[in-house]
Amino acid sequence: MAASLQPNQRKHKVTVVGSGNWGTAIAKIVSENTAKHNTIFEEKVEMWVFEEKIEIPKESPHYNPTSPLCQGPQNLTEVINKTNENVKYLPGIALPKNLHANPSLEDAVRDSTILVFNLPHQFIHKICDQIKGKIVPYARGISCIKGVDVNEEGIHLFSETIGRRLGIYCGALSGANIANEVAREKWCETSIAYDPPHLDSKEPSPQQSPNASSTDVVIQFEHKDTSGKLSDVKLRPVPSEYPPVDHALLKVLFHRPYFHVRVVNDVAGVSLGGALKNIVALAAGWVDGMGWGDNAKAAIMRVGLLEMVKFGERFFGATIDRQTFTDESTGVADLITSCSSGRNFRSAKHSVEKRLPIDEIERTELNGQKLQGTSTAVDVNKFLKKQGLENEFPLFTSVYRILTGTMSVESLPSQIEQ
Ligand SMILES: NC(=O)C1=CN([C@@H]2O[C@H](COP(=O)(O)OP(=O)(O)OC[C@H]3O[C@@H](n4cnc5c(N)ncnc54)[C@H](O)[C@@H]3O)[C@@H](O)[C@H]2O)C=CC1
Ligand SMILES: O=C(CO)COP(=O)(O)O
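Rules of the game
- Residues numbered from 1 in each chain as written.
- Chains lettered and ligands numbered in written order.
- Predicted model: local features only at pLDDT ≥ 70, side-chain atom pairs only at ≥ 80, totals over all residues.
- Heavy atoms only, no water.
- Helix = DSSP H or I, 4+ residues; strand = E, 2+ residues; numbered from the N terminus.
- Rg over C-alpha atoms; globule rule 2.2 N^0.38 Å.
- Buried < 20%, exposed > 50% of the residue type's maximum accessible area, 1.4 Å probe, protein only.
- UniProt positions renumbered as here; feature names shortened; annotations may be inferred.
- Phe/Tyr/Trp six-rings, centres within 6.5 Å; stacked < 30°, edge-to-face > 60°.
- Lys NZ or Arg CZ within 6 Å of the ring centre and 35° of its normal.
- Pairing = 2+ DSSP bridges.
- Axes fitted to C-alpha atoms, helices over the stretch in contact; angles between N-to-C directions.
- Contact = heavy atoms within 4.5 Å.
- Near = heavy atom within 4 Å.
- Polar contact = N/O pair within 3.5 Å; in protein donor to acceptor, adjacent residues only side chain to side chain.
- Areas by Shrake-Rupley, 256 points an atom, 1.4 Å probe, with all protein chains shown as cover.
- Nonpolar A, V, L, I, M, F, W, Y, C, P; charged D, E, K, R; others polar.
- Core = buried A, V, L, I, M, F, W, Y, C linked by side-chain atoms within 4.5 Å.
- Parallel < 35°, antiparallel > 145°, perpendicular 65-115°, else oblique.

Remarks on the overall build of the protein chain
Next, step 1: Scanning the protein chain from N- to C-terminus turns up 16 helices and 14 strands.
Next, step 2: Over its C-alpha atoms the protein chain spans a radius of gyration of 21 Å, differing by no more than 12% from the 22 Å that the globule rule assigns to 418 residues.
Next, step 3: Judged by the C-alpha coordinates and their principal axes, the protein chain covers about 65 × 65 × 35 Å.
Next, step 4: Looking at the protein chain residue by residue over its 418 residues, the buried ones come to 57%.

What follows is the structure, encoded as structure tokens:
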């Protein structure tokens, strides 16, 4: 165990905010590790669940017509806590007993020093509003969300949005990680990016205000939005009674024999790899649905990867490392797995095969799971349009146009050759 991971007086409490397909799979991983490393972490992990009523399906091994749990619709949290399974979003996977499903967001995050955000990106603003001021001020976050946050001011990573809204530092986790495979403990890799300002150094770093006290350090996020605006966030150091939250600690929290973690500093690269590949996966699904074969899909992936790197360098150039896209699990590896069997890929493929809008496929085939590629394509297009740069990203632009019905899948090859 690394020197920095000697047990300290206080243990970190971990909460996973979100309990969908990936949210539950990550909560399983984290709970396995808090149980194993219970001198560093509190064993019990809270998982916030967006409460809904569900009926245990008849084909589930938990179905028993005489059980009170099977007498009509039940709260999802109760079903998870009683069966140790998320029968709706991650069926067939036994969850650790130290994982507690909690319908109260405020209660789930209370006193947590490590917050793992893992929910569809469209819900994150509301979640942040709900927990602002209700978390410990020195908490640290990890965002597993794949998407980008576009508003009038410009474009942001969700780790930045979370950090700014909650006044905490937030890193990112992203990789070639189809949740159902990870949950079945099939080996894979992932990338975690974590690069907080050095709060413990005596000299303030260039981003820190020289007048800040050690318990009330003012940092500025390095990424400027397109209007050049930087945000001030009061960031508190993690008290010394806790083991420091650093690369080594994050590896202990997330690494499993079947889930291999590499921790890097490039938060923008890791986040954008996960967000932008979802746009490309839609195009790959359409092409596959047309029956055009693997060569065509490979062409989409090639052009898509180039646009992903170009987008990163153009708008996050100050911090991004282009090698992240090729050397880490985020980027090209995630692109390959997502264009092979991801939900965005499959739904786009089915929409062509069944001649149905992709929203309808999402509604009828995903049992409440959410596509991230469709809204990311719209968000990215909104941003590119504002910059007058749609033509420089022909694949991203084509995906948006196909989604909005102003372009056909048939014209994809000619459009991306331009
Ligand atoms: N599923 C996967 O294989 C992977 C997903 N991701 C990313 O992880 C993030 C989370 O995805 P999943 O866990 O798969 O989610 P999911 O696609 O399973 O989404 C459903 C979740 O949204 C919740 N929800 C529905 N309405 C809500 C509301 N109004 N407010 C808050 N929550 C609501 C549901 O309760 C459920 O937990 C996404 O950004 C996704 O791109 C990343 C890697 C793999
Ligand atoms: O991000 C993923 C795999 O790494 C999953 O992608 P989908 O959301 O398209 O299933």
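Having put the structure on the table, let's press on.
A short note on the UniProt feature "domain: Glycerol-3-phosphate dehydrogenase NAD-dependent N-terminal" (unreviewed entry) in the protein chain
Next, step 1: Those residues carrying the UniProt feature "domain: Glycerol-3-phosphate dehydrogenase NAD-dependent N-terminal" (unreviewed entry) are residues 13-196 in this numbering.
Next, step 2: Its end C-alpha atoms 19 Å apart, residues 13-196 is made of 28% helix and 24% strand.

A short note on the packing of aromatic side chains
Aromatic rings considered in pairs are described by the distance between their centres and by the relative angle of their planes.
Next, step 1: What the rule picks out here adds up to 11 aromatic pairs.
Next, step 2: When the ring of Trp48 is compared with that of Phe50, the centres are 6.4 Å apart and the planes differ by 70°; the resulting orientation is edge-to-face.
Next, step 3: Owing to a relative accessible area of 55%, Phe50 belongs among the exposed residues under this scheme.
Next, step 4: With a centroid separation of 6.0 Å and an interplanar angle of 65°, the aromatic rings of Phe311 and Phe383 are classed as edge-to-face. Here Phe311 is found in helix α9 (residues 293-316), whereas its partner Phe383 is found in helix α14 (residues 373-387), with 72 residues between them in sequence. Each of the two residues, Phe311 as well as Phe383, counts as buried.
Next, step 5: Through a chain of ring-to-ring contacts, the aromatic side chains of Phe311, Phe315, Phe383, Phe393 and Phe396 assemble into a single cluster.
Next, step 6: Here the basic side chain of Lys310 rests over the ring of Phe393, its NZ or CZ set 5.1 Å away from the ring centre.

Some points on the sheet that holds strand β2 (residues 45-48)
Strand-to-strand pairing in sheets goes through backbone hydrogen bonds, with the strands running parallel or antiparallel.
Next, step 1: Read across the sheet, 8 strands follow the order β5-β2-β1-β6-β7-β10-β11-β14 without closing on themselves; strand pairing throughout is mixed. Only two strands of the sheet have a single partner each, and these edge strands are β5 (99-102) and β14 (259-264). This sheet shows a mean twist of 25° between the axes of neighbouring strands, independent of strand direction.
Next, step 2: Pairing of strand β6 (residues 114-117) with strand β7 (residues 140-143), which is carried by 4 bridges, proceeds in the parallel orientation. Bridge assignment links Leu115 to a residue of β7, and that residue is Gly141.
Next, step 3: Taken strand by strand, helix α2 (residues 76-83) contacts β2 and β5, and its axis lies near 165° from that of β5.

Regarding unusual backbone geometry
Next, step 1: Look at Asp111: it is not a glycine, yet its phi comes out positive at around 65°.
Next, step 2: Positioned with a positive phi, Glu185 is a non-glycine residue whose angle comes to about 65°.

Description of the site of ligand 1
Next, step 1: Close to ligand 1 lie 24 residues; Asn21, Trp22, Ala179, Lys370 and Gln372 are nearest.
Next, step 2: Measuring from an oxygen atom of ligand 1, one finds a side-chain N or O atom of Gln372 at 2.8 Å.
Next, step 3: When ligand 1 is considered free in solution it has 840 Å² of accessible area, and contact with the protein chains removes 90% of it.
Next, step 4: When the residues that make up the shell around ligand 1 are grouped by side-chain class, the tally is 11 nonpolar, 9 polar and 4 charged.

Section: the site of ligand 2
Next, step 1: Looking at ligand 2, the residues that line it are Lys146, Gly175, Ala176, Asn177, Ile178, Lys277, Asn278, Asp334, Ser338, Gly342, Arg343 and Asn344.
Next, step 2: Here Asn177 contributes a backbone N or O atom positioned 3.0 Å from an oxygen atom of ligand 2.
Next, step 3: At a separation of 2.6 Å, an oxygen atom of ligand 2 approaches a polar side-chain atom of Asp334.
Next, step 4: The protein chains hide 93% of the 300 Å² of surface that ligand 2 would expose on its own.

So, the nonpolar core
Next, step 1: If you look at the biggest cluster of nonpolar residues, it comprises 103 residues, and the most contacted ones within it are Phe254, Phe259, Phe311 and Phe396.
Next, step 2: Those residues in contact with Phe311, other than ones at most four positions away along the chain, are Ile155, Leu276, Phe316, Val380, Phe383, Leu384, Phe393 and Phe396.

Concerning the side chain of Thr161
Next, step 1: Within the secondary structure, Thr161 sits in helix α5 (residues 158-166).
Next, step 2: Once residues within four sequence positions are removed from consideration, Thr161 is found in contact with His125, Asp149 and His156.

As for the packing of helix α1 (residues 21-36) against helix α7 (residues 247-254)
For any two helices packed against each other, one specifies the crossing angle of their axes together with the interaxial distance.
Next, step 1: Contact geometry for α1 and α7: axes closest at 7 Å, N-to-C directions at 105°. Overall, the two elements α1 and α7 adopt an arrangement that is roughly perpendicular. Between α1, through Ile26, Ile29, Val30, Asn33 and Thr34, and α7, the contact on the second element is made entirely by Val252, Leu253 and Phe254.
Next, step 2: Of the residues in the contact of α1 with α7, the class split is 6 nonpolar, 2 polar and no charged.

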